[in-house]
Amino acid sequence: MLSSMPKLLITLIIFSSILSPLAVNGQFEDWCIADVQTPDDVLLGAMDWACKNGADCSNIQLNQPCFFPNTTADHASFAFNSYYQNMKTKGGDCYFSAAAIITSLDPSHDSCKFDASHE
Ligand SMILES: *[C@@H]1O[C@H](CO)[C@@H](O)[C@H](O)[C@H]1NC(C)=O
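Keep in mind it's a predicted model, so treat the numbers as computed, not measured.

A tally of regular secondary structure across the chain gives 3 helices and 4 strands. Counting from the amino terminus, helix and strand elements in the chain follow one another as α-β-β-β-α-α-β. For the chain, with 119 residues in total, the buried portion stands at 24%. Considering only contacts in the chain between residues 6 or more positions apart, those separated by 24 or more positions represent 76%.

Okay, here's the thing in structure tokens:
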């Protein structure tokens, strides 16, 4: 019975070293995206606000890498994430009156890169 304790400890240590690469600098990477349940008109209003209050929305303009998919939800996700990453150390959050949600899945696609963090 006593001899099983070190085995348990070793198992725990191995497990935590497998899991730890998920965390970068002790923090999990996250992104802020539009909640699929939010109506487009609400997303448009929130996106407009985000773009004027800290988000860099240049990449979702025509001929820029994040213009396609050309949908309100995709553009809002980019704007929400940009706002969140730029402003989270200055009191900004991923809320937008419940129009946004946090995800641990990188929404980047093709040449459209969603920032993960500004440390
Ligand atoms: C982008 O979407 C808007 C709104 O649906 C539409 O009016 C516009 O023509 C689209 N632009 C392109 C280049 O697909």
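What follows covers the confidence of the model for the chain. Per-residue confidence for the chain gives a mean pLDDT of 86, with 76% of residues at or over 70. Across residues 17-21, where pLDDT falls below 50, the model places 0 contacts with residues more than four positions away in sequence or in other chains.

For the rest of this paragraph, the subject is the environment of Gln-85. In this fold, Gln-85 is placed in helix 3 (residues 72-87). Separated by 31 residues in sequence, Gln-85 and Gly-54 place their C-alpha atoms 9.3 Å apart.

What follows is about the packing of helix 2 (residues 40-52) against helix 3. Relative orientation of the contacting elements helix 2 and helix 3 amounts to 35 degrees, with a least axis distance of 9 Å. As for how helix 2 packs across helix 3, the hand of that crossing is left-handed. The segment helix 2 lies against helix 3, with Asp-40, Leu-43, Leu-44, Ala-46, Met-47, Ala-50 and Cys-51 engaging Thr-72, Ala-73, His-75, Ala-76, Ala-79, Phe-80 and Tyr-83. A per-class count over the contact of helix 2 with helix 3 returns 11 nonpolar, 2 polar and 1 charged.

Rules and cut-offs
Residues numbered from 1 in each chain as written. Predicted model: local features only at pLDDT ≥ 70, side-chain atom pairs only at ≥ 80, totals over all residues. Helix = DSSP H or I, 4+ residues; strand = E, 2+ residues; numbered from the N terminus. Buried ≥ 20, exposed ≤ 12 C-beta atoms within 10 Å, placed from the backbone. Contact = placed C-beta atoms within 7 Å. pLDDT = per-residue confidence, 0-100. Axes fitted to C-alpha atoms, helices over the stretch in contact; angles between N-to-C directions. Left-handed = near helix turned anticlockwise from the far one by under 90°. Nonpolar A, V, L, I, M, F, W, Y, C, P; charged D, E, K, R; others polar.

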